[in-house]
2 protein chains.
Amino acid sequence: MDDRVTEHARTLVDWSARIDAGDDVVVSVGEGAHDLGVAVAEELGKRDANMVVTYASEEMSRAYQRAHDGAFAADPEYERALYEQADSVLSLRGTRNTSASADIPEETQTAYAQAREGIREARLDTDWVSTVHPTRALAQQAGMSYQAYQEFVYDAILRDWAALAEEMDRLKQLLDDGSEVRLVKDDRTDLTMSIENRTAVNSAASVAYDSHNLPSGEVFTAPADTAGQVVFDVPMTIRGTRIRDARLVFKDGVVVDIDAEAGEDVLRAIVETDGGSECLGELGIGMNRGIDRVTDQILFDEKMGGTVHLALGRAYEACLPEGESGNQSAVHVDLITDMQTDGTRLEIDGEVIQRDGYFRWEDGFEG
Amino acid sequence: MDDRVTEHARTLVDWSARIDAGDDVVVSVGEGAHDLGVAVAEELGKRDANMVVTYASEEMSRAYQRAHDGAFAADPEYERALYEQADSVLSLRGTRNTSASADIPEETQTAYAQAREGIREARLDTDWVSTVHPTRALAQQAGMSYQAYQEFVYDAILRDWAALAEEMDRLKQLLDDGSEVRLVKDDRTDLTMSIENRTAVNSAASVAYDSHNLPSGEVFTAPADTAGQVVFDVPMTIRGTRIRDARLVFKDGVVVDIDAEAGEDVLRAIVETDGGSECLGELGIGMNRGIDRVTDQILFDEKMGGTVHLALGRAYEACLPEGESGNQSAVHVDLITDMQTDGTRLEIDGEVIQRDGYFRWEDGFEG
């Protein structure tokens, strides 16, 4: 067994999921995640936790959904019972084919997901953690060799999470205490957002931080009253379409102009989805220095140290004051800007917190 | 998808498990059984059954059990709830390594099995069916090429089960109505057994026949008062030891003499296990003509058309009159005799039912 797989399993079980003796754990193993499954089983055994293993086979799910008449039973009780009584669900993703579900009709997928809303909620009510085992299919999607992709994934996952959580907490405090964030980059980006009365989330890849993805490594909050213009220079694929150098102009919190080098139509369709999709729901600041390149996999890209992402659409409840609902929308689409260029800065209430991609507490920061 | 895999899945879902719309089905997928899993998922979808998929990974189970301190929790409730509420459990075996569990200490395996007795019972209370997907590891164990092994397995599984069940029912009626069975083969086998008041089981690979393995194809009952001598000329591996031409001599239902060309010590140890291991618990008559060769895999070998097997040890309750407990033992070890040789016969109350391996209703039978 590759030592990195063992370390991944330990990080998942200890740091992320905080598994204790006697915990009732469901391990969901993707088709390509067998090796991580074996390592996780060993760690669960060591901790005298209980283990039920489910098989998250995309090919089985596809065959089932396509063959079914589409009137899926609502939350079959035998399955819900499993999750309602579980303490933790560890989801070990790792596909063998990123297009495995490509020919399930969209309405079938929607019907299936809707029928299982109660089961989904029961899973989300556990101390769940989702992680990814590097597979050749994911390497291919990232345009990387398998070996290089493995290194990339383990660099992102095998961090000193306690130290990173502490660093992220500094930024969280600054955001919690601040009223306005400003992003400035060359002559095309100058954006201000209110963060008054909002609470930032320290997404430190652990249920102890209400953070459920490994890797993680970002601090995010819910902005309001956005004004100015921003260019997202990190290319990405959204709804199967390549988006490049998208430019959004905001006034009084709402998008008033859009253009892009590529993918403008898709972007426009997203903004026009509903009332909330014209506004930002998230400001996220990537803090994971293990992620040093763009792979067009949003869960990695948005955590990259030295980047900032903004999401059109739905805001996360955890960022909002009690009783306030924040921005509502059917969509939540992240767009990313690289802050690691000369003259770029992130300010809170006029104070420079990050310059050229370096936080003010980091080596390399020039005040 | 190989058509045979699809046919296997259909046979399992329709004939064996009798799955109906809305049934709550657990599919347990072995490490090497993915392809059968996909075919079964499609059949379950077609029938609008519900599906939960578990992953029966021997490598995960080994890692877990070896790492655990051995004080396994008794029947964790979240897992028991799943099986208690399920209608059917379809176990798709198919190992990638028949020695995958070889280095789990025996006491650990025993402790793990004992702690999970309630879960096992909950599974057995469902309409469960166990089947096997042909893998290279199983082909290797059988000493066969993968392609030849696949043909062998599908020949055994893809039968006209309704017709076979009808044929087996004839034999069941004869056994149910009879008082004494006699086996005769050359000058070394002449054995009589009482089957007075016993009920034979028509093991037709379907829950409708209380038969839970696919393939199956045998009729069995619980004999008593065995007398005479029998030679088991089908070689097999028991407890890792090759057994060849074992000869047992019975008097008043009890083994009084043992010898064997190979493996005599193991056989002797089995007979000496406890009081019940000196007696026969089962007389089984193989009826599956799709199984035409010995592969040293007992679930196939004992079903082979033209063979008879006798088990030392525990009797099956289904064969006994209400309230009678039958032969009790910690062991149940099958031994097989090939009846397809000249002059061999199986008699019930003096009437020849099978000669030279042919039943009296078959072409080739000479009365």
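Note that the structure is a prediction, hence the values are computed from the model and not measured.

## Thoughts on the relation of the copies chain B and chain A
When chain B is fitted onto chain A, the two copies agree to an RMSD of 0.1 Å after a turn of 180° and an axial shift of 0.0 Å. The operation mapping one copy onto its partner corresponds to a two-fold rotation axis. Identified as the residue of chain B closest to the rotation axis by C-alpha distance is T54 of chain B, at 2.0 Å. The fraction of interface residues of chain B whose copies in chain A are also interface residues reaches 100%, indicating that both copies meet through the same surface.

## Focus on the packing of aromatic side chains
Per the stated rule, a full pass over the model turns up 17 aromatic pairs over all chains. Consider the rings of F220 of chain A and Y316 of chain A, whose centres lie 5.2 Å apart with planes at 55°: the pair is tilted. One end of the pair, F220 of chain A, is in strand β9 (residues 218-221); the other, Y316 of chain A, is in the loop between β16 (307-313) and β17 (332-338), with 96 residues separating them in the sequence. Residue Y316 of chain A is classed as partly exposed on the basis of its relative accessible area, which comes to 32%. Taken together through their ring pairs, the aromatic side chains of Y64, F72 and Y112 of chain A make up a single cluster. We note R136 of chain A situated over the ring of Y146 of chain A; from NZ or CZ to the ring centre the distance is 3.9 Å. R18 of chain B extends its terminal NZ or CZ atom over the ring of W15 of chain B, reaching a point 4.5 Å from the ring centre.

## Here we look at the sheet that holds strand β6 (residues 189-194) of chain A
Residues and elements named next belong to chain A. One open sheet accounts for eight strands, arranged β14-β13-β10-β6-β5-β18-β19-β20; its pairing is antiparallel. The sheet is open, and its two borders are formed by β14 (254-259) and β20 (358-359), each paired with just one other strand. Direction of pairing for β6 relative to strand β10 (residues 224-232): antiparallel, over a ladder of four bridges. Across the sheet, residue S194 finds its bridge partner in β10, namely A224.

## Let's talk about the state of the cysteines
All names here are of chain B. The full count for this structure, using the stated rule, is zero disulfides over all chains. Its sulfur unpaired, C279 is 16 Å from the next cysteine sulfur, which belongs to C319. Here C319 falls in the buried class, since its relative accessible area comes to 1%.

## Examining the interface of chain B and chain A
Taken together, the contact between chain B and chain A spans 40 residues of the former and 40 residues of the latter. For the pairing of chain B and chain A, the buried interface totals around 3500 Å² over both sides, and the portion due to carbon and sulfur atoms is 65%. For the interface between chain B and chain A, the tally reads zero salt bridges. For the pair chain B and chain A, the number of links is 22 residue pairs in polar contact (both at pLDDT 80 or more). Secondary-structure elements contributing two or more residues to the side of chain B that touches chain A are β1 (24-30), α2 (34-46), β2 (50-56), α3 (58-67) and α4 (77-85) of chain B. Considering every element that reaches the side of chain B that touches chain A, the biggest residue donor is α2 of chain B, with eight residues. For the side of chain B that touches chain A, the per-class residue count stands at 22 nonpolar, eight polar and ten charged.

## A short note on unusual backbone geometry
Of the consecutive residues L214 of chain A and P215 of chain A, the connecting peptide bond is found in the cis state with omega at 5°. If you trace the backbone, P215 of chain A turns up in the loop between β8 (213-214) and β9. Of note, D349 of chain B is a non-glycine position whose phi angle comes to about 50°, a positive value. Relative to the elements of secondary structure, D349 of chain B occurs in the loop between β18 (345-348) and β19 (351-355).

## A short note on the domain arrangement of chain A
All names here are of chain A. Domain annotation for chain A reports domain 1 (3-157) and domain 2 (161-359). The straight-line distance from the C-alpha centre of domain 1 to that of domain 2 is 27 Å. Listed by partner, the interface residues are 24 residues for domain 1 and 22 residues for domain 2. Taken over both partners, the interface formed by domain 1 and domain 2 buries close to 1900 Å², and the fraction arising from carbon and sulfur atoms is 61%. When the area that domain 1 buries against domain 2 is broken down by residue, the three leading residues are W15, F152 and A156, summing to 34%. Inspection of the domain 1/domain 2 interface yields zero salt bridges. Run the count over domain 1 and domain 2 and you get 15 residue pairs in polar contact (both at pLDDT 80 or more). Contributing elements (two or more residues each) for the side of domain 1 that touches domain 2: α1 (3-16), β4 (129-132), α7 (136-141) and α8 (146-157). Split into classes, the residues belonging to the side of domain 1 that touches domain 2 amount to 14 nonpolar, six polar and four charged.

## With respect to the sheet that holds β19 of chain B
All names here are of chain B. Taking strand neighbours across the sheet as the criterion, the eight strands line up as β14-β13-β10-β6-β5-β18-β19-β20 in an open arrangement whose pairing is antiparallel. The open sheet has two free edges, formed respectively by β14 (254-259) and β20 (358-359), since each of these has just one partner strand. Bridge analysis of β18 against β19 gives four bridges, and the strand direction is antiparallel. Bridge pairing in β19 links L346 to Q354. In this fold helix α10 (residues 264-271) packs onto β13 (246-251) and β14, with an angle of close to 165° to the strand it touches most, β14.

Rules behind the numbers
Residues numbered from 1 in each chain as written. Chains lettered and ligands numbered in written order. Predicted model: local features only at pLDDT ≥ 70, side-chain atom pairs only at ≥ 80, totals over all residues. Heavy atoms only, no water. Least-squares fit on C-alpha atoms with pLDDT ≥ 70 in both. Contact = heavy atoms within 4.5 Å. Phe/Tyr/Trp six-rings, centres within 6.5 Å; stacked < 30°, edge-to-face > 60°. Helix = DSSP H or I, 4+ residues; strand = E, 2+ residues; numbered from the N terminus. Buried < 20%, exposed > 50% of the residue type's maximum accessible area, 1.4 Å probe, protein only. Lys NZ or Arg CZ within 6 Å of the ring centre and 35° of its normal. Pairing = 2+ DSSP bridges. Disulfide = S-S within 2.5 Å. Buried area = accessible area lost by both parts, 1.4 Å probe. Salt bridge = Lys/Arg side-chain N within 4 Å of Asp/Glu carboxyl O. Polar contact = N/O pair within 3.5 Å; in protein donor to acceptor, adjacent residues only side chain to side chain. Nonpolar A, V, L, I, M, F, W, Y, C, P; charged D, E, K, R; others polar. Domains from an automatic or database assignment. Axes fitted to C-alpha atoms, helices over the stretch in contact; angles between N-to-C directions.

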